[in-house]
Number of protein chains: 2
Amino acid sequence: MKIIFLGTGAAIPTKHRNHSSVGIKYDGEVFLFDCGEGTQRQMIYTDISPMKINNIFISHLHGDHILGLAGLLQSIGFNGRTEPINIYGPPEIKNTIENILKIGYHSINFKITVHEINSKKPMKIIDSEKYMAYAYPVNHSIPCYAYILKEKKKPQLNLKKAMELGVEVGPDLKSLKDGNEVKLKNGKIIYPNDVLLPPKDSMCVAYSGDTMPIEDFGEFLNSIGCTVLIHEATFGSSKKNNAVETMHSTIEDAVNIGKIACVDTVILTHISARYDDNIEIYYNEIENIIKNNNEYNDNNFKIIVAEDLMEYDLKNKETIKK
Amino acid sequence: MKIIFLGTGAAIPTKHRNHSSVGIKYDGEVFLFDCGEGTQRQMIYTDISPMKINNIFISHLHGDHILGLAGLLQSIGFNGRTEPINIYGPPEIKNTIENILKIGYHSINFKITVHEINSKKPMKIIDSEKYMAYAYPVNHSIPCYAYILKEKKKPQLNLKKAMELGVEVGPDLKSLKDGNEVKLKNGKIIYPNDVLLPPKDSMCVAYSGDTMPIEDFGEFLNSIGCTVLIHEATFGSSKKNNAVETMHSTIEDAVNIGKIACVDTVILTHISARYDDNIEIYYNEIENIIKNNNEYNDNNFKIIVAEDLMEYDLKNKETIKK
């Protein structure tokens, strides 16, 4: 699972930061979180193929999070896609997509299924063989959702134990792996738990959308074993008033939610244009936060400031900057 | 009058070329020709202020020419503009702008007047004190217009001649300058033509939109004294078949129209993504065209390949690349 930051700015794009968008590559698919104007061009500078996108998650309907959708969908159509695409988003997203599809002339010959989420509680929105996705309602000036993508790991087979119990390689072994009990030729019944080890830790990323800090969101992430939190941090903490007024988070807010969530990495994004030429404010503040909170000074808790085109590899816990 | 190339690519953006858009700065205003996705961000790298745009000219309603409008208008609104904006374009542009304004939440508190052009002949669409603009119907797969912006120069006063004829500095002189005859104290009538020199050459730029080559368009530009032609040249001339099939122009097509128009400079733009890593094809072909056409080998006829963020200053006939 690899995160690629396609746009890390806020309402107004800057020299260094495009509008919001994050791509996650996992198991041959691309999952797209928000799609600000210019997202399709940002992809050109990365190894994300727009043709591999099957699911797009829109946090909310502010322009800086959605105005790249028309161009992205039209380009995918232009390139001949026929496979369907799912778009998840808040109430009114169906109308928005309808309006987007009315603009200009295009050749979109694939099905777009829009899933309008209207839930005041966390909600599982995808449950496939290999992953799950949740939507979590957050607290912004208009309806907004955070999204969580969690890999599903199957239990591991303890082959040695299975052999000792007399299971032969073949259909019986496969059946146990799939969670079914089997009856051996000697009449002995073997249960899956006899031969399965617990699954390895699964990778799990949360993307906050635009939001004020919500402690319960941190608790929820902790409960499902989230390891990486991409949280908006529109403002430095000296601008807490602006953050409250515009219903956004500060650096400190975002870090706190990450700590409550017990993730190993918090990545700050959606950074206001005012910091474009003085992003050191973010680094200095992070240094102070770590200095003043002993519990944050821990090799198992990293705070990263997102940059456009930066990649984060969850397997190796490695950041690659361009 | 200064041209700034905001996007010089075609249907699909590339590493080096954004979607179509050209800005012209003149007399404190910005005139915008097409507005592909990402145009507002391209402006950040130039000295164009979106707040100075009063007139936007849309050639046609293909996505690569219009999908930046929503973001541009929303950002202008976000920055508090109250002055009206005019948008000119082909039939259906009113519906397009209506749909664009329905997307997302925004605070556009300025009036947008959409002028839907539906003319099969060249048409004067603006006639102000300082400039004129024309729309010229071109030949693409959907209705499409070229646009021409022409500066209006007043005739120059021949002060020496006026003095000799007995005109005194004051209201009489001003009246003559404004094109009125005056009666002097001695009863003699002085006509404007007696004291006015023809105006200096006015600057005039044409932007072709997407089109197959049209010789009549060249003749028209010649008739109004156009000096710079920005013409699409989507393909190298070896791809003439593709150009015909998709109703575009080749390098040779564009240069020929410029020659018919008797402009001093042709600037090629709307360059297909296939040339992103081998633009030398354009330079080689231009060299050959000049070699094979003696009449093109002339210091008064320049052929330029547009680049993103390139500027062309009409006063000094100077190209500035970034």
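Residues numbered from 1 in each chain as written. Chains lettered and ligands numbered in written order. Predicted model: local features only at pLDDT ≥ 70, side-chain atom pairs only at ≥ 80, totals over all residues. Heavy atoms only, no water.

Structural notes on the environment of Val169 of chain B
- Relative to the helices and strands, Val169 of chain B resides in the loop between helix 5 (159-164) and helix 6 (171-177).
- In the structure, Val169 of chain B is positioned 93 residues away from Cys262 of chain B in sequence and 40 Å away in space, judged by C-alpha atoms. (Helix = DSSP H or I, 4+ residues; strand = E, 2+ residues; numbered from the N terminus.)

Things to note about the interface of chain A and chain B
- On the chain B side, the residues contacting the 40 residues of chain A number 40 residues.
- Taken together, both faces of the contact between chain A and chain B bury some 3,000 Å²; the carbon and sulfur share is 61%.
- Looking only at chain A, the three residues that lose the most surface to chain B are Glu37, Arg41 and Tyr105 of chain A, adding up to 22% of its buried area.
- At the surface where chain A touches chain B, the tally comes to 0 salt bridges.
- Residue assignment for the side of chain A that touches chain B shows that the elements contributing at least two residues are helix 1 (39-44), helix 2 (63-66), helix 3 (69-78) and helix 4 (93-101) of chain A.
- Split by residue class, the side of chain A that touches chain B holds 15 nonpolar, 19 polar and 6 charged. (Contact = heavy atoms within 4.5 Å. Buried area = accessible area lost by both parts, 1.4 Å probe. Salt bridge = Lys/Arg side-chain N within 4 Å of Asp/Glu carboxyl O. Nonpolar A, V, L, I, M, F, W, Y, C, P; charged D, E, K, R; others polar.)

Describing the sheet that holds strand 8 (residues 131-137) of chain A
Residue and element names in this part refer to chain A.
- Read from one edge to the other, the open sheet built from 7 strands follows the order 7-8-9-14-15-16-17, with strand pairing classed as mixed. At either margin of the open sheet sits one strand with a lone partner, and together these are strand 7 (123-127) and strand 17 (302-305). Taking the axes of each pair of neighbouring strands and ignoring which way they run, one obtains an average angle of 15° across the sheet.
- Pairing geometry for strand 16 (residues 265-269) and strand 17, over 4 bridges, is parallel. Residue Thr265 lies in a different strand from strand 17, and its bridge partner there is Lys302. (Pairing = 2+ DSSP bridges. Axes fitted to C-alpha atoms, helices over the stretch in contact; angles between N-to-C directions.)

A few points about the sheet that holds strand 4 (residues 53-57) of chain B
All names here are of chain B.
- Taken together, 8 strands build an open sheet; the order of strands is 6-5-4-3-2-1-18-19 and the sheet is mixed. Looking at the sheet topology across the chains shown, the edges are occupied by strand 6 (112-116) and strand 19 (318-320). Taken pair by pair, the neighbouring strands of this sheet meet at an average axis angle of 20°, ignoring direction.
- Bridge count for strand 2 (residues 21-26) against strand 3 (residues 29-33) is 5 bridges, and the pairing is antiparallel. Counterpart to Lys25 in the pairing with strand 3 is Val30.

With respect to the pairing of strand 9 (residues 145-151) of chain B
All names here are of chain B.
- Along strand 9, 7 of the 7 residues are buried, which leaves the element largely enclosed by surrounding structure.
- Of the two faces of strand 9, the one holding Tyr145, Tyr147, Leu149 and Glu151 and the one holding Ala146, Ile148 and Lys150 are both buried throughout.
- Note: strand 8 (residues 131-137) against strand 9, 7 bridges, orientation antiparallel. Counterpart to Ala133 in the pairing with strand 9 is Leu149.
- As judged from the 4 bridges shared by strand 9 and strand 14 (residues 204-207), these two strands associate in the antiparallel manner. Among the inter-strand pairings, Lys150 is bridged to a residue of strand 14, identified as Cys204. (Buried < 20%, exposed > 50% of the residue type's maximum accessible area, 1.4 Å probe, protein only.)

Structural notes on the packing of aromatic side chains
- A complete count under the given rule lists 20 aromatic pairs over all chains for this structure.
- Each ring, one from Tyr275 of chain A and one from Tyr282 of chain A, has its centre 5.1 Å from the other, and the planes form 70°; the classification is edge-to-face.
- Judged by centre distance (5.7 Å) and plane angle (80°), the rings of Tyr134 of chain B and Phe220 of chain B are edge-to-face. Of this pair, Tyr134 of chain B sits in strand 8 while Phe220 of chain B sits in helix 8 (residues 215-223), and the two are 86 residues apart along the sequence.
- Taking relative accessible area as the criterion, Tyr134 of chain B reaches 12% and is therefore assigned buried.
- Three or more aromatic residues joined by ring pairs make a cluster, and in this case those are Phe33, Phe57, Tyr88, Tyr147 and Tyr207 of chain A.
- If you follow Lys259 of chain A out to its NZ or CZ, it ends over the ring of Phe301 of chain A, 4.1 Å from the centre. (Phe/Tyr/Trp six-rings, centres within 6.5 Å; stacked < 30°, edge-to-face > 60°. Lys NZ or Arg CZ within 6 Å of the ring centre and 35° of its normal.)

Examining empty space enclosed by the protein
- A complete count under the given rule lists 3 cavities of 30 Å³ or more for this structure.
- Of the residues that constitute the lining of the largest cavity, the class distribution is 11 nonpolar, 1 polar and no charged.
- Per-class residue counts for the lining of the second largest cavity are 2 nonpolar, 7 polar and 2 charged. (1 Å grid on protein atoms, 1.4 Å probe; cavity = no way out; pocket = protein on both sides within 12 Å on 5 of 7 lines; lining within 4 Å. Points joined across faces, edges and corners; volume = space filled by probe spheres on them.)

Observations concerning the relation of the copies chain A and chain B
- Once turned by 179° and shifted 0.0 Å along the axis, chain A lies on chain B with an RMSD of 0.3 Å. Interpreted geometrically, this transformation is the action of a two-fold axis. Taking C-alpha positions as the reference, the residue of chain A nearest the rotation axis is Gly38 of chain A, at 2.6 Å.
- Taken as a fraction of all interface residues of chain A, those also at the interface in chain B reach 100%, which identifies the copy contact as same-surface. (Least-squares fit on C-alpha atoms with pLDDT ≥ 70 in both.)

A short note on the UniProt feature "active site" in chain A
Residue and element names in this part refer to chain A.
- UniProt feature "active site": in the numbering of this structure it lies at Asp64.
- Relative to the elements of secondary structure, Asp64 occurs in helix 2.
- For Asp64, a relative accessible area of 11% gives the class buried.
- In this structure Asp64 touches Ala10, Ala11, His19, Ser20, Gly36 and His270, once residues within four positions along its chain are discounted. (UniProt positions renumbered as here; feature names shortened; annotations may be inferred.)

Remarks on the UniProt feature "binding site: Zn(2+) 1" in chain A
All names here are of chain A.
- Mapped onto the present numbering, the UniProt feature "binding site: Zn(2+) 1" falls at His60, His62, His140 and Asp210. Look at the named residues: they lie 151 residues apart in sequence, but the longest C-alpha span between them is just 10.7 Å, so in the fold they bunch up. Considered against the second largest cavity, the annotated residues that line it turn out to be Asp210.
- Tracing the chain through its elements places His60 in the loop between strand 4 (53-57) and helix 2.
- Residue class for His60 comes out buried when judged on its relative accessible area of 0%.
- Excluding its chain neighbours within four sequence positions, the residues that come into contact with His60 are Asp34, His65, Ile66, Pro90, His140, Ile142, Pro143, Cys144 and Asp210.
- At 3.2 Å, the side chain of His60 and the side chain of His62 are in polar contact.
- Mapped onto the fold, Asp210 is located in the loop between strand 14 (204-207) and helix 8 (215-223). (Polar contact = N/O pair within 3.5 Å; in protein donor to acceptor, adjacent residues only side chain to side chain.)

Points about the packing of helix 8 of chain B against helix 10 (residues 251-261) of chain B
All names here are of chain B.
- Put simply, helix 8 and helix 10 touch, their axes get as near as 7 Å, and they point 35° apart. Of the two possible hands of crossing, helix 8 and helix 10 adopt the one that is right-handed. Of helix 10, the residues touching helix 8 (which contributes Glu215, Phe217, Gly218, Glu219, Leu221 and Asn222) are Ile257, Ile260 and Ala261.
- Partitioning the contact of helix 8 with helix 10 into residue classes produces 5 nonpolar, 2 polar and 2 charged. (Left-handed = near helix turned anticlockwise from the far one by under 90°.)

Quick notes on the pairing of strand 2 (residues 21-26) of chain A
Residue and element names in this part refer to chain A.
- Across the 6 residues of strand 2, 5 count as buried, placing the element largely inside the fold.
- Bridging between strand 1 (residues 2-7) and strand 2 involves 5 bridges; their strand directions are antiparallel. Residue pairing for strand 2: Gly7 is matched across the bridge by Ser21.
- Here strand 2 folds back onto strand 3 (residues 29-33), and the loop between the two strands holds 2 residues, one of which, Asp27, carries a positive phi near 55°.

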